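Below, each chain spelled out in residue letters.
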Amino acid sequence: MASVVNPVADPRTNASTWDVRVNGNSVRWNRIEVTFEQFHIPGEFCVELPEDAVSIETLLTGSPPEIVIRRDNEEFFVGLDTRSGGRGTDGDQPDEPPQRIVRLSGKDLSEKFVLDKVTAPLPMNLTASEIVTQRCLADGFTQAQLDITSTNDQIGEFVRRNYHRITKSLSWHDVFFDLAELEHFVFRVWRRRPVFGPQPQPKAYFNWQFGRDFNTYDWHKSHVNSDVKVRVIGWNPKTKQRTSDVQGSGSFVITKIVAGITPLQAKAMAVRLLEEAERGLFTMDLTNVPGDPRVNDVAYGFRLTGLAAGLNRLYYPSRVHHIITQDDHVMDIKLYNSVDIAA
């Protein structure tokens, strides 16, 4: 059973507990931003540091450096710097000292699979989990790091009959998401651990009270389909045929897998699920929340109290954004009231 977590007494950051490493080398930093996203979206980071804290020549090579953000000697976020940049000002104004700043930004280690393009037909006699395992090992992950749920069916018929899109023009990241959709799984890389399996349950629940643990909130209830997208996928294990229907165009995605469903039944179910989501879904955005490094993923629940009737309830995060400076640590969190949307 997941634990219930109350906020720490003093959530302000002690900057000395944070460490940024570029290709294994610890560097001085000015500002750290880390964003954990829904399970099907890679996490992101951005680090700002003094220009003399890092070798610029290292950043100008063709290989993206590995960036590790640590707290209390534990890895908090691991990613690849896919976009380096910087700026400088000469400080010719009286109130403007000279500045030379470097900014490193990128995504989590799932970026390895984005950069790794498919160059040959997929092996048809393997299961989805076997393909994901083989590719992860080929891209430098170890067997001990993998968190991959075994699947039973070979993908040959599925690829031949349904997924004409799986070609050499895609990346392995695209393929993994196609295979995850087939199995109703999620795929992501959390720190150094590739995960391919059912959506994980919340690891812990936080009890947060308005006025004590957060001071600003913004809730939104949409009465149209702008917030939600519903996908109903029919999968026949005997014929390997796949049918699907998509309703809505929002950023929150609800996926429903139903064995043996026809195209008309899939459309009817998608319309009904979208209507239910429109009636029930609403979002809650918390801004400038005192930073808590324990919120290091989206696999948590948040019980909010001190709000108006109807708003005091359990929420789940779709996005957690940490902003860490030498003086402070705050978070912005986007919450929603259903646990089933992020799959």
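Residues numbered from 1 in each chain as written. Predicted model: local features only at pLDDT ≥ 70, side-chain atom pairs only at ≥ 80, totals over all residues. Heavy atoms only, no water.

**Q** Residue-level account of the overall build of the chain, with values.
**A** If you tally the helices and strands in the chain, you get 6 helices and 20 strands. Across the 343 residues in the chain, those meeting the buried criterion constitute 49%. Considering only contacts in the chain between residues 6 or more positions apart, those separated by 24 or more positions represent 67%. (Helix = DSSP H or I, 4+ residues; strand = E, 2+ residues; numbered from the N terminus. Buried < 20%, exposed > 50% of the residue type's maximum accessible area, 1.4 Å probe, protein only. Contact = heavy atoms within 4.5 Å.)

**Q** An account of helix H5 (residues 172-183) is needed here, citing residue identities and associated values.
**A** Between its terminal C-alpha atoms H5 stretches 17 Å, which fits the 16 Å expected from 12 residues at 1.5 Å a residue. Summarising burial for H5: 9 of the 12 residues are buried, a large majority. Among all positions in H5, only Trp172, His173, Val175, Phe176, Asp178, Leu179, Ala180, Glu181 and Leu182 are buried. Just beyond H5, the residue with positive phi is His184, at close to 55°. (Expected span 1.5 Å × (residues − 1).)

**Q** Now, about the environment of Ala270: what can you tell me, with residues and values included?
**A** Checked against the element boundaries, Ala270 lands in helix H6 (residues 263-280). Each C-alpha atom, one on Ala270 and one on Lys229, is 9.1 Å from the other, the two residues being 41 residues apart in sequence. Look past the residues within four positions of Ala270 in its chain and what remains in contact with it is Val230, Val232, Asp245 and Gln247.

**Q** I'd like to hear about the pairing of strand E2 (residues 18-22), residue by residue, with values.
**A** Counting buried residues along E2, 4 of its 5 residues qualify, which places the element largely inside the surrounding structure. Across 5 bridges, E2 lies against strand E6 (residues 66-71) in antiparallel orientation. Residue pairing across strands places Val22 opposite Ile67, the latter belonging to E6. In terms of strand pairing, E2 meets strand E3 (residues 25-27) through 3 bridges, oriented antiparallel. Each bridged residue has a counterpart across the sheet, and for Val20 the counterpart in E3 is Val27. Counted between consecutive antiparallel strands, the loop separating E2 from E3 contains 2 residues, among which Asn23 sits at a positive phi close to 50°. (Pairing = 2+ DSSP bridges.)

**Q** Run through a negative patch on the surface, naming residues and quoting values.
**A** Taken together, Asp90, Asp92, Asp95 and Glu96 make up a surface patch of like negative charges. As for its placement among the helices and strands, Asp92 is situated in the loop between strand E7 (74-89) and strand E8 (99-108). Note on Asp92: relative accessible area 56%, which makes it exposed. (Patch = residues over 30% accessible without salt bridge, like charges linked within 9 Å, V, L, I, M, F, W, Y side chains within 5 Å. Areas by Shrake-Rupley, 256 points an atom, 1.4 Å probe, with all protein chains shown as cover. Salt bridge = Lys/Arg side-chain N within 4 Å of Asp/Glu carboxyl O. Lys, Arg positive; Asp, Glu negative; His and termini not counted. Charge placed at Lys NZ, Arg CZ, Asp CG, Glu CD.)

**Q** A description of the packing of aromatic side chains should follow, citing residues and the corresponding values.
**A** Here the structure, examined in full by the defined rule, presents 19 aromatic pairs. On the numbers, 4.9 Å between centres and 70° between planes, the contact of Phe176 with Phe187 is edge-to-face. Separated by 11 residues along the polypeptide, Phe176 in helix H5 and Phe187 in strand E10 (residues 186-190) bring together distant segments of the chain. The exposure classification of Phe176 matches that of Phe187, with both residues buried. (Phe/Tyr/Trp six-rings, centres within 6.5 Å; stacked < 30°, edge-to-face > 60°.)

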